[in-house]
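Close look at the chain arrangement
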Amino acid sequence: TRTRPAPPNAALRDIARQLLDPNKGILAADESPGTFAKRLGKGVPNTLTVRRQWRRTLLSAPQLEEYISGVILHEETFIHGDSDVQSAIGRGIAVGIKLDEGTVPLQPKKSGERATKGLEGLEGRCTRFRNRGGAVFAKWRAVFRVGRHTPSRAAIRRNAGDLAAFAAAAQACGVVPILEPEVLAEGDHDMQRGGAAAARVLRGVFRALRRRADVDPGAMLLKVAFVTPGQRSTEQVEPHEVANATLRVLLRTVPRIVPGIVFLSGGQSEETATSNLLALSQLALERAQAGKPPLPWALSFSFGRALQSSALEAWQRGDVAEAQVLLTRRARANALAQQGRQGK
Ligand code: 13P
């Protein structure tokens, strides 16, 4: 079924365009307290105060606004770090709210598949963070495991439907939705199977979106993983192969009306994530030079770990200034990579 999509939402399309500044990307700093615990080394307690100080370090990094158009934050940063959020906005960095509330197992449990929580009361929460916190965009993450029988049709249908419902609620409350159907890198699958899974997931997501008359697909961003072999696969791939596999999937599944696709780093090292982004941007440039039509959407980054890891290490050693330098340097390297340029 194809429902007529919502009319263009000019205000939201404008925000999406700003987030997709060709010289900048998006910083994901929206780890839940539980996830943040996994990022911290031993010796630093995972308290609200520690997380607040870390987010303040990120948000106040000098020159960050030259390379970062927006930052995704957890609700605790809006609630307990409002002055940091407002000063980021003051520097011209758009702020976004993670609106999903993590994942729960889907039946049968042994499949390892998961659904995302947080649809209940979503629009009210969205409106609060928009009106009181200044959020102009929001994120919803769903996860898909690649296995012998997964992602299953049921898991795709459920998560795609929820992503589409989130998109509608976010646009109704006046923020740009970032839909993040993440195909996880865990597993021993090869790149071909990873790509096939990603294509099935994305087809499901856009099928669900076509059924909703209340979503403007021109006023959302898609956030995905690079197509790679699983972390436990023995297959070795070069960035240009990742770029080729990723672009092939996206060209087959993502409608032209979507203004931008941003990448998560999914546990890749800082260098690997940047190399993959660079290879993809160079591939786009090569296509243009070969006279092929330009890509319909903008491509950018929205890394969490691949922007924060080195900085977080320095910070845990007590070196706040060094942490900020490392963050900005990473952001700059990715901003250049997305333009097909190599940093020094
Ligand atoms: P990573 O880049 O660390 O995968 O985080 C991005 C993100 O937003 C995950 O939801």
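Predicted, not measured: the structure shown is a model, and the values here were computed from it.

Our focus in this paragraph is the packing of helix α9 (residues 239-253) against helix α10 (residues 270-289). Their axes nearest at 8 Å, the elements α9 and α10 cross at an angle of 60°. Our classification of the angle between α9 and α10 gives oblique. Seen from above, α9 lies across α10 with right-handed handedness. Facing Pro 239, His 240, Val 242, Ala 243, Asn 244, Thr 246 and Leu 247 of α9, the residues of α10 in contact are Ser 275, Asn 276, Leu 278, Ala 279, Leu 280 and Leu 283.

In the segment running from Gln 107 into Pro 108, the intervening peptide bond is cis, with an omega of -10°. Mapped onto the elements of the fold, Pro 108 is located in the loop between β4 (103-105) and β5 (114-116). Residue Thr 150 is joined to Pro 151 through a cis peptide bond whose omega torsion reads 0°. Along the chain, Pro 151 falls in the loop between β6 (137-144) and α7 (153-173). Even without a glycine there, the phi angle at Gln 63 is positive, about 65°. Inspection of the secondary structure assignment puts Gln 63 in the loop between α3 (48-59) and β2 (68-73).

Moving on: the site of the ligand. Ala 28, Arg 141, Glu 180, Leu 264, Ser 265, Gly 266, Phe 303, Gly 304, Arg 305 and Ala 306 make up every residue found near the ligand. Along the lines of polarity and charge, the residues of the shell around the ligand split into four nonpolar, three polar and three charged.

Time to look at the pairing of strand β8 (residues 221-224). Burial along β8 is two-sided: Leu 221 and Lys 223 and Leu 222 and Val 224, pointing in opposite directions, are all buried. As paired strands, strand β7 (residues 176-183) and β8 are joined by two bridges and run parallel to one another. Bridge assignment links Ile 178 to a residue of β8, and that residue is Leu 221. Viewed along the sheet, the connection from β7 through helix α8 (residues 191-210) into β8 turns out right-handed. Relative to strand β9 (residues 260-263), β8 is paired through four bridges, and the arrangement is parallel. Residue pairing in the sheet places Val 224 in a bridge with Phe 263 of β9. Taken together, β8, α9 and β9 form a β-α-β motif whose crossover is right-handed.

Here α7 spans 30 Å end to end across 21 residues, near enough to the 30 Å set by a 1.5 Å rise per residue. At the exit of α7 stands Gly 174, carrying a positive phi of roughly 95°.

Parameters at a glance
- Residues numbered from 1 in each chain as written.
- Predicted model: local features only at pLDDT ≥ 70, side-chain atom pairs only at ≥ 80, totals over all residues.
- Axes fitted to C-alpha atoms, helices over the stretch in contact; angles between N-to-C directions.
- Helix = DSSP H or I, 4+ residues; strand = E, 2+ residues; numbered from the N terminus.
- Parallel < 35°, antiparallel > 145°, perpendicular 65-115°, else oblique.
- Left-handed = near helix turned anticlockwise from the far one by under 90°.
- Contact = placed C-beta atoms within 7 Å.
- Near = placed C-beta within 6 Å.
- Nonpolar A, V, L, I, M, F, W, Y, C, P; charged D, E, K, R; others polar.
- Buried ≥ 20, exposed ≤ 12 C-beta atoms within 10 Å, placed from the backbone.
- Pairing = 2+ DSSP bridges.
- Right-handed = clockwise from strand over helix to strand, strands pointing away.
- Expected span 1.5 Å × (residues − 1).

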